Amino acid sequence: MRVILASSEVVPFAKTGGLADVAGVLPRELEQLGHEISIFLPAYQSVDRKLHGIKSSGISFEIQIGDRLVAGNLLETVLPESQVKVFLVEQPGYFNRDTFYGQAGKDFSDNCERFTFFCRAVLESLIQMGIAPDLIHCNDWQTGLIPAFLKKNYNHHSCFEATRTLITIHNLAYQGLFDYEKMAVTGMSAEYFNWRQVEFFGKLSLLKTGIVFADMINTVSPTYAREIREPEQGCGLEGVLQERSGQLIGILNGIDAADWNPATDPLLEENFSSDFDIRVGNPGKLACKQALQKEANLKQDTETPLIGIVGRLASQKGWSLILPVMEEFLENINAQWIVLGTGDPSYHHQLESLQQKYPNKLGLTLGFSNEFAHRIEAGSDMFLMPSQYEPCGLNQMYSMAYGTVPIVRRTGGLADTVVNATHETCEYGTANGFSFDEFTEEALRTAVKSALQMYNHYRPLWNQLMQTGMKRDWSWRRSAKQYDELYRRTVQR
Ligand code: ADP
């Protein structure tokens, strides 16, 4: 099947979150399953042209954006370790900026122009190259216009006669909302501005546009696919998702097993695998723990439980619960904490003051470091992720692959991956972590205490949890098979 995947982020070229991992790894697996797949993303300033062997494709276009004609070029390269072609839409005025979507907590005011341009550039490029895709796989609001354009503006092009569209929702909270005036920017007829199509409470919603016009919709875990049809997690789109529930499914993301494998990871102090005696523990992992303690300026003591957190400092990730519970534990309980993250300045300040107060117990890095993220996943005993909502979540899967026991709130993909340790699940050997339901400090506190209790007093059982998590297949191969089926289903529609 000839597939085009369009995304605003793709590893290794441009990444702020999990979307980039999906867009950069899934295509490699789908290629293995026999699909001819190409990727489109914007050519941001930060994409290293030299490093990635990016060159001109010879294709250029002029696109009507409101009353302006905007020119752009298409660059090209290939996805590492694959034949997957990668096309990058170059438009310096739109994409030569320090960040992808906004600055100082504010979205760029011309995001509608930028991503309208991107969506149209994908279609114009395909026409110029004479490529007639069977399927265009869109991702999130940045590509939500493509399904609408195909049905309404480009439906006369022979290239797209048989093209079907799929949109993957990675996070429903980011919707691409714009004032009505931006309708003119998109070139969509004003008649679509109604609540059944592109309007969302008086605004233009590019995510809703994608959901309404795409042939199929999926999100990144089965539980999240159910949750977003209800008001609590539906972000106001529950009605339209309910209406399209026959075309909405959930497929759990995978992890890049080439990158995230403790047995081969070159970033670790020592490599280790799931092959260890649960009565003795995992010596390779312990070496990683000591190295991590040293790197974070904490006491090198293998017996002190070490709790890691990596991720965006955003309210979604449960920081309103983590901060007070962490402070309480820092004051009263023998455990070390290591946090790596960046985001909301108010969380930066609160974490900094905690670190100043408890320098011997909290290692803090405010920033983005893939290398350090690997070492935290490998060296920690536990990983905390009490998200308010979590479409899929990658970090809990990285943790389990690295023998780090996750403590999570039972929502979205966290509910689909973490099996809470109870008498039954421990007996059946299915337990791989700790989870709780209520989004409260009390529930989080209880879960962390249960984990510490097991770590401190029932070490062989703890080691069994570690091993169960490490042995499960978290790779993309499993998810790619489900995407393969979904693609077939979409094209048959
Ligand atoms: P989300 O997509 O909501 O940010 P996920 O858990 O799905 O959350 O994916 C986050 C990805 O970004 C993971 O690969 C994680 O390791 C990475 N990540 C997030 N923050 C940082 C950071 N500060 N440093 C390094 N990696 C980070």
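Trainee: Tell me what's going on with the sheet that holds strand 15 (residues 306-313), and back it up with residues and numbers.
Mentor: Strand order in the open sheet formed by six strands is 17-16-15-18-19-20, with parallel pairing between adjacent strands. Among the strands making up the open sheet, the edge pair consists of strand 17 (362-366) and strand 20 (434-436). Averaged over all adjacent pairs, the angle separating strand axes in this sheet is 15°, with direction ignored. Pairing analysis gives two bridges linking strand 15 to strand 18 (residues 382-385), with the strands arranged parallel. What sits directly across from glycine 308, in strand 18, is phenylalanine 383. The sheet contacts of helix 17 (residues 441-457) involve strand 15, strand 18, strand 19 (405-409) and strand 20, and relative to strand 20 the element is tilted by about 160°.

Trainee: So what's going on with the domain arrangement of the protein? Which residues, and what values?
Mentor: For the protein, the assigned domains are domain 1 (2-254 + 477-492) and domain 2 (283-472). For domain 1 versus domain 2, the separation of C-alpha centres amounts to 33 Å. Domain 1 puts 18 residues into the contact, and the matching count from domain 2 is 18 residues. For the domain 1 and domain 2 pair, buried surface summed over both sides reaches about 1300 Å², with 54% attributable to carbon and sulfur atoms. Linking domain 1 with domain 2 are zero salt bridges.

Trainee: Break down the pairing of strand 17 for me, with residues and values.
Mentor: Relative to strand 17, strand 16 (residues 336-343) runs parallel, the two being bridged by five bridges. Considered in strand 17, the bridge of isoleucine 338 is made with glycine 363.

Trainee: Give me the lowdown on the site of the ligand, citing residues and values where you can.
Mentor: Near the ligand you find 20 residues, and of these Gly18, Arg312, Lys317, Gly367 and Leu394 are the closest. Here glycine 18 contributes a backbone N or O atom positioned 2.8 Å from an oxygen atom of the ligand. Lysine 317 is positioned such that a nitrogen or oxygen atom in its side chain is 2.9 Å from an oxygen atom of the ligand. Summarising the interface, the protein chains cover 93% of the accessible area of the ligand, which totals 560 Å² for the free molecule. Counting only elements with at least two residues in the shell around the ligand, the list comes to helix 1 (18-32), strand 15, strand 16, helix 13 (370-379) and helix 14 (395-401). Ranked by residues supplied to the shell around the ligand, first place goes to strand 15 with three residues. Partitioning the shell around the ligand into residue classes produces seven nonpolar, nine polar and four charged. Counting contributing residues per domain, the shell around the ligand is built from domain 1 (2-254 + 477-492) and domain 2 (283-472), each supplying no fewer than three.

Trainee: Which residues make up the packing of helix 11 (residues 319-332) against helix 12 (residues 345-357), and what are the values?
Mentor: At a closest axis distance of 11 Å, the pairing of helix 11 and helix 12 adopts a crossing angle of 5°. Relative to helix 12, the element helix 11 lies roughly parallel. Together, Trp319, Ser320, Leu323, Met326, Glu327 and Leu330 of helix 11 and Tyr347, Gln350, Leu351, Leu354 and Lys357 of helix 12 make up the contact between the two elements.

Trainee: Please give an account of the packing of helix 11 against helix 17 that cites residues and values.
Mentor: The relative placement of two packed helices is expressed as an angle between their axes plus a distance between the axes. Packing of helix 11 against helix 17 leaves a shortest axis separation of 9 Å and a crossing angle of 50°. Of the possible angle classes, the one that applies to helix 11 and helix 17 is oblique. Viewed along their axes, helix 11 and helix 17 form a crossing whose handedness is right-handed. Together, Ser320, Leu321, Ile322, Pro324, Val325, Glu328 and Phe329 of helix 11 and Glu441, Leu444, Arg445, Val448, Lys449 and Leu452 of helix 17 make up the contact between the two elements. Classifying every residue of the contact of helix 11 with helix 17 gives eight nonpolar, one polar and four charged.

Trainee: So, the pattern of salt bridges: which residues are in play, and what are the values?
Mentor: Two side chains of opposite charge can pair, provided their charged atoms sit close to one another. According to the stated counting rule, one finds 23 salt bridges in the structure shown. Close ionic contact of arginine 49 with glutamate 90 constitutes a salt bridge, the shortest N to O distance being 3.7 Å. You can see arginine 49 sitting in the loop between strand 2 (36-42) and strand 3 (55-65) and its partner glutamate 90 sitting in strand 5 (residues 85-90), a full 41 residues away along the chain. When its relative accessible area of 25% is taken as the criterion, arginine 49 is described as partly exposed. Across the salt bridge formed by glutamate 441 and arginine 445, the nearest N and O atoms sit 3.7 Å from each other. In this pair, glutamate 441 and arginine 445 are both assigned in helix 17, four residues apart and thus about one turn of the helix distant. By relative accessible area, glutamate 441 is classed as partly exposed at 32%.

Trainee: Before we move on, could you go through the packing of aromatic side chains and cite the residues and values that matter?
Mentor: The geometry of an aromatic ring pair is captured by two quantities: the separation of the ring centres and the angle between the planes. Per the counting criterion, the structure on display carries 24 aromatic pairs. Between the aromatic rings of tyrosine 94 and phenylalanine 117, the centroid separation amounts to 5.5 Å while the plane-to-plane angle is 65°, which identifies the pairing as edge-to-face. Here tyrosine 94 is found in helix 2 (residues 92-95), whereas its partner phenylalanine 117 is found in helix 3 (residues 111-129), with 23 residues between them in sequence. In this pair, the class of tyrosine 94 matches that of phenylalanine 117, namely buried. Judged by centre distance (4.7 Å) and plane angle (70°), the ring pair of tyrosine 180 and phenylalanine 193 falls under edge-to-face. In this pair, tyrosine 180 sits in the loop between strand 10 (177-178) and helix 5 (183-186) while phenylalanine 193 sits in the loop between helix 5 and strand 11 (199-200), placing the two residues 13 residues apart along the sequence. Judged by relative accessible area, which is 38%, tyrosine 180 ranks as partly exposed.

Trainee: Mind laying out empty space enclosed by the protein, listing which residues take part and the relevant values?
Mentor: On inspection of all chains with the given rule, the structure shows one cavity of 30 Å³ or more. Volume-wise, the largest cavity comes out at about 50 Å³. Along the walls of the largest cavity sit Leu267, Leu268, Glu269, Cys288, Ala291, Leu292, Glu295, Arg375 and Ala378, which together make up its complete lining. Those elements giving two or more residues to the lining of the largest cavity turn out to be helix 10 (283-295) and helix 13. Looking at the lining of the largest cavity element by element, the count peaks at four residues for helix 10. Looking at side-chain class alone, the lining of the largest cavity contains six nonpolar, no polar and three charged residues.

What counts, and where the lines are drawn
- Residues numbered from 1 in each chain as written.
- Predicted model: local features only at pLDDT ≥ 70, side-chain atom pairs only at ≥ 80, totals over all residues.
- Heavy atoms only, no water.
- Pairing = 2+ DSSP bridges.
- Helix = DSSP H or I, 4+ residues; strand = E, 2+ residues; numbered from the N terminus.
- Axes fitted to C-alpha atoms, helices over the stretch in contact; angles between N-to-C directions.
- Contact = heavy atoms within 4.5 Å.
- Domains from an automatic or database assignment.
- Buried area = accessible area lost by both parts, 1.4 Å probe.
- Salt bridge = Lys/Arg side-chain N within 4 Å of Asp/Glu carboxyl O.
- Near = heavy atom within 4 Å.
- Polar contact = N/O pair within 3.5 Å; in protein donor to acceptor, adjacent residues only side chain to side chain.
- Areas by Shrake-Rupley, 256 points an atom, 1.4 Å probe, with all protein chains shown as cover.
- Nonpolar A, V, L, I, M, F, W, Y, C, P; charged D, E, K, R; others polar.
- Parallel < 35°, antiparallel > 145°, perpendicular 65-115°, else oblique.
- Left-handed = near helix turned anticlockwise from the far one by under 90°.
- Buried < 20%, exposed > 50% of the residue type's maximum accessible area, 1.4 Å probe, protein only.
- Phe/Tyr/Trp six-rings, centres within 6.5 Å; stacked < 30°, edge-to-face > 60°.
- 1 Å grid on protein atoms, 1.4 Å probe; cavity = no way out; pocket = protein on both sides within 12 Å on 5 of 7 lines; lining within 4 Å.
- Points joined across faces, edges and corners; volume = space filled by probe spheres on them.

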